[in-house]
Amino acid sequence: MKQLNASGLGAVRMLAQVPARTWKVFTICLIGVTFANLDHSLFTFVLTEISEKFGWSVAERGRYIAITFVISGLLVTQIGVLTDRIGRRRTLLGATLLTPIFVAAMAWAPNTLILLVLRTLGFGAAGAQSPITVTTVIEESPPRLRGLFSGVLQIGFPLGFFLASLMVPFIYSTWGWQYIFLLALLFLPYGWIIYRYLEEPEAWLKVRDARKATNAKHPTTRDLFAPVYRRRTILLFIGQFLCVFAFGATILLTAYFRESKGWDAELAIQTVGLSFGVGAFGYVAAAFVGEFLTSRRNTIVIWCILGGLAFAAMIWLTNGYTQIVLAFCTMTFFFYGSYAVVATFIAENFPSELRATATTFSGALAVNLGLGLGPLVLSEIIPIAGWEWGFTWSAV
């Protein structure tokens, strides 16, 4: 308890000394990545309706989800390389402007092919914003607080889902499910905030100037496999992939509550949103524990084990709505919260000239593959053994 109090007081003192520029960059990036994940959530909330409109089976739905995540993951890695070449600000601005356009266009997708293309491009742009912002925040934060700032930044994921769950049910019941995608257009003007107020990190500017002075080549994904980086690149990629593969199947929880539990759309969406809102506190707790109380590696292990146990309890041991919500919130607190430490851990293992490239490859690509293949495996198991065993084998 004394250690916890001392760590808490030390963190408060250090936060009081953080420059205003750091707070500005952190706030801009947090709001931006929250909007990006709100846009991402819209597709997951109406998977049941999309499947019915285009005649997808459960297995086909899993395959289509996998396709969009895998291809968008490859796109994100190239956006990461571009970020290290032309800068964080310009790349983030482009991704912020493109995301709502592709997402909103899904409202009028006439067939499966067009829908999948739009989803892939939309999530490619949205997914790239996470590694770009974490790179930017790390480079703008005081060294002793990098883990805390970059970890808390990750609450943009659950906050995006939570905010969407507050607005989507009204749009769904008033105008229909397809119109929820137009919600993305409300955040298109945020690009002006990034253009007007976000500055390039000094660390990247120094690398750019040094590269110009020496005529050094631009970074590429291949550089991650140079002897000095190869081992950490592969290990971090595998660790991130396995972690996200486990909770990637939870993308289908809205569909699970509706198709297995028989809940209506509004209740399922609101429940998922509520649990994600609670889960945001797990990100903050993980960032604090990993920065001040123990190592990032220990925090990742503890959070993943507790999250997996809570998920198993939700699937097999809960009876009634209240028990499901309590177990669900506990699962998101720990399972999802672990990413607050993982993202920082990856970014800190690479120098500034390769940081965005590395966080998109070992981070975002691994995340996308996990988010795609987790639901794929689950969807192949459901017709054979049911939802509960599917979640157990693919996630727990």
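Our subject is the structure listed above.
Throughout what follows, the structure given in this document is the object of discussion. Chains are numbered independently. Their residues run from 1 in the order of the written sequence. Whole-chain, interface and lining totals are the exception, using all residues; otherwise, since this is a predicted model, local features are given only for residues with pLDDT of at least 70 and side-chain atom pairs are given and counted only at 80 or more. Excluded from the side-chain calculation are hydrogens and water; included are all heavy atoms of the structure.

**Side note on helix α17 (residues 352-385)**
Every helix listed is a DSSP run of H or I at least four residues long, and every strand listed is a run of E at least two residues long, numbered separately from the N terminus. Multiply 1.5 Å by the residue count of a helix minus one, and that product is the helix's expected span. Across its 34 residues, α17 extends 47 Å between first and last C-alpha, which sits within 8% of the 50 Å expected from 1.5 Å per residue. Maximal helix bending in α17 amounts to about 35°, located at Ala358. With a 1.4 Å probe rolled over the protein chains alone, any residue whose accessible area is under 20% of its type maximum counts as buried; one over 50% counts as exposed, and the rest are partly exposed. Counting buried positions along α17 yields 26 of 34 residues, so the element is predominantly enclosed. Here the bend at each residue means the angle between axes fitted to two seven-residue stretches, the one ending at that residue and the one beginning there.

**Description of helix α7 (residues 146-153)**
Two residues of an α-helix separated by three or four positions point the same way, owing to the 3.6 residues in each turn. For α7, the buried fraction is high: seven of the eight residues fall into the buried class. For α7, the set of buried residues is Gly147, Leu148, Phe149, Ser150, Gly151, Val152 and Leu153.

**Quick word on the side chain of Arg88**
Within the secondary structure layout, Arg88 lies in helix α5 (residues 88-105). Residue Arg88 is classed as buried on the basis of its relative accessible area, which comes to 0%. A 3.5 Å cut-off defines polar contacts: any pair of N or O atoms within that distance qualifies, except that in protein one atom must be a possible hydrogen donor and the other a possible acceptor, and neighbouring residues in sequence count only when both atoms are side-chain atoms. Of the polar contacts made by the side chain of Arg88, one reaches the backbone oxygen of Thr83; its length is 3.3 Å. The residues touching Arg88, leaving out its near neighbours within four places in the chain, are Thr83, Ile132, Thr135, Thr136, Glu139, Glu200, Pro201, Trp204, Ser352, Arg355 and Ala356. We call two residues contacting when some pair of their heavy atoms lies within 4.5 Å.

**Observations regarding the packing of aromatic side chains**
The geometry of an aromatic ring pair is captured by the separation of the ring centres together with the interplanar angle, meaning the angle of the planes. Only the six-membered ring of Trp is used, alongside the rings of Phe and Tyr, when aromatic pairs are assigned; centres must lie within 6.5 Å, and planes under 30 degrees apart are stacked while those over 60 apart are edge-to-face, with the rest tilted. Counted under the stated rule, the structure contains 32 aromatic pairs. Here Phe35 and Phe187 contribute two aromatic rings whose centre-to-centre distance is 4.1 Å and whose plane-to-plane angle is 20°, an arrangement assigned as stacked. With a gap of 152 residues between them, Phe35 in helix α2 (residues 20-45) and Phe187 in the loop between α8 (156-175) and α9 (190-197) connect regions that are remote in the sequence. Just as Phe35 is buried, Phe187 falls in that class too. Between Trp389 and Trp393, the aromatic rings sit 5.6 Å apart at their centres with planes inclined by 40°, giving tilted as the arrangement. Remark: Trp393 and Trp389 occur in helix α18 (residues 387-394); sequence separation between them is four residues, near one turn of the helix.

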